[in-house]
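# Structural overview for review
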Amino acid sequence: MKITGTIINYYFHCKRQCYLFANRVNLEDNSEDVRIGKVLHEIRAHDNKETEIKYENIVLDKVSSKYVEEYKKSDSDTEASRMQLIFYLKQLQDKGIIREGKLIYNEKNKKESKKTEIIKLDDDNINKLNKCIENIEELISQDKVPEVEQNKKCKRCSYYEYCYL
Ligand code: SF4
């Protein structure tokens with residue numbers, strides 16, 4: 001299984017979710033969060049005449065001459081968002097495309113004030129990414145599915161029914 005930005009994001013969200021997704025148990029279509037994400041994409045496409053860019057095994061929200069931009073619904077999972085963007089920056093760097101990352105959080109009910117964070121692909125972040133990928137590869141190659149995490153995040157997770165019903 002090729003590691004993707006989504007798999008990296010899920011690793012930080014929930015080990016079980018990461019495992020299930022990487023092993024092709026894909027329940028994404030049932031997720032309200034995924035639907036909201038799609039709507040955000042449509043709004044941006046309409047406003048900016050730009051939309052997401054698919055490139056090998058990655059999907060980029062927007063690329064400018066300086067930044068790769070990732071849009072998130074909230075800043076509740078910042079570690080996951082950061083590492084996902086570092087992964088994208090590294091994939092591009094490996095192809096000779098050097099960019100910085102910009103995380104843009106679309107806070108609920110706050111149309112005007114979008115929080116942003118700039119991410120650089122320095123040695124420290126590359127080391128963190130390599131360690132993360134190593135851990136993910138170990139996790140998803142296990143025979144046993146990780147246990148349900150019993151977390152409040154579960155209620156909004158696309159695997160909720162799979163895990164609890
Ligand atoms: S429902 Fe909870 S335990 Fe199951 S995959 Fe989602 S976050 Fe993980």
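Conventions adopted
- Residues numbered from 1 in each chain as written.
- Predicted model: local features only at pLDDT ≥ 70, side-chain atom pairs only at ≥ 80, totals over all residues.
- Heavy atoms only, no water.
- Near = heavy atom within 4 Å.
- Helix = DSSP H or I, 4+ residues; strand = E, 2+ residues; numbered from the N terminus.
- Nonpolar A, V, L, I, M, F, W, Y, C, P; charged D, E, K, R; others polar.
- pLDDT = per-residue confidence, 0-100.
- Salt bridge = Lys/Arg side-chain N within 4 Å of Asp/Glu carboxyl O.
- Buried < 20%, exposed > 50% of the residue type's maximum accessible area, 1.4 Å probe, protein only.
- Phe/Tyr/Trp six-rings, centres within 6.5 Å; stacked < 30°, edge-to-face > 60°.
- Lys NZ or Arg CZ within 6 Å of the ring centre and 35° of its normal.

### Brief notes about the site of the ligand
- Neighbouring the ligand are Cys14, Arg16, Gln17, Val148, Glu149, Cys154, Cys157, Tyr159, Tyr160, Cys163 and Tyr164.
- Listed by contribution, the elements that provide at least two residues to the shell around the ligand are α2 (15-22) and α6 (160-164).
- Its residues assigned to classes, the shell around the ligand comprises 8 nonpolar, 1 polar and 2 charged.

### Re the confidence of the model for the protein chain
- Residues at a pLDDT of 70 or more form 75% of the protein chain, whose mean pLDDT is 82.
- Looking over the protein chain, one finds the lowest element-wise mean pLDDT in helix α3 (residues 32-48), namely 55, and the highest in helix α5 (residues 123-140), namely 97.

### A closer look at the pattern of salt bridges
- Throughout the structure, instances matching the rule amount to 7 salt bridges.
- Across the pair Glu100 and Lys120 runs a salt bridge, and its minimum N-O distance is 3.9 Å. Of this pair, Glu100 sits in strand β5 (residues 100-105) while Lys120 sits in the loop between β6 (115-119) and α5, placing them 20 residues apart in sequence.
- Take Lys120: its relative accessible area is 48%, and that puts it in the partly exposed class.

### Considering the packing of aromatic side chains
- Per the counting criterion, the structure on display carries 5 aromatic pairs.
- An angle of 85° between the planes, with centres 5.2 Å apart, marks the rings of Tyr10 and Phe21 as edge-to-face. In this pair, Tyr10 sits in helix α1 (residues 5-13) while Phe21 sits in helix α2, placing the two residues 11 residues apart along the sequence. By the burial criterion, Tyr10 is buried, and Phe21 matches it.
- Residues Tyr11 and Phe12 carry aromatic rings whose centres are separated by 5.5 Å and whose planes lie at 85° to one another, so their mutual orientation is edge-to-face.
- Assessed through its relative accessible area of 13%, Tyr11 is described here as buried.
- Taking the ring centre of Tyr11 as reference, the NZ or CZ of Lys15 above it sits at 4.1 Å.
- Sitting over the face of the ring of Tyr105, Lys115 holds its NZ or CZ atom 5.6 Å from the ring centroid.

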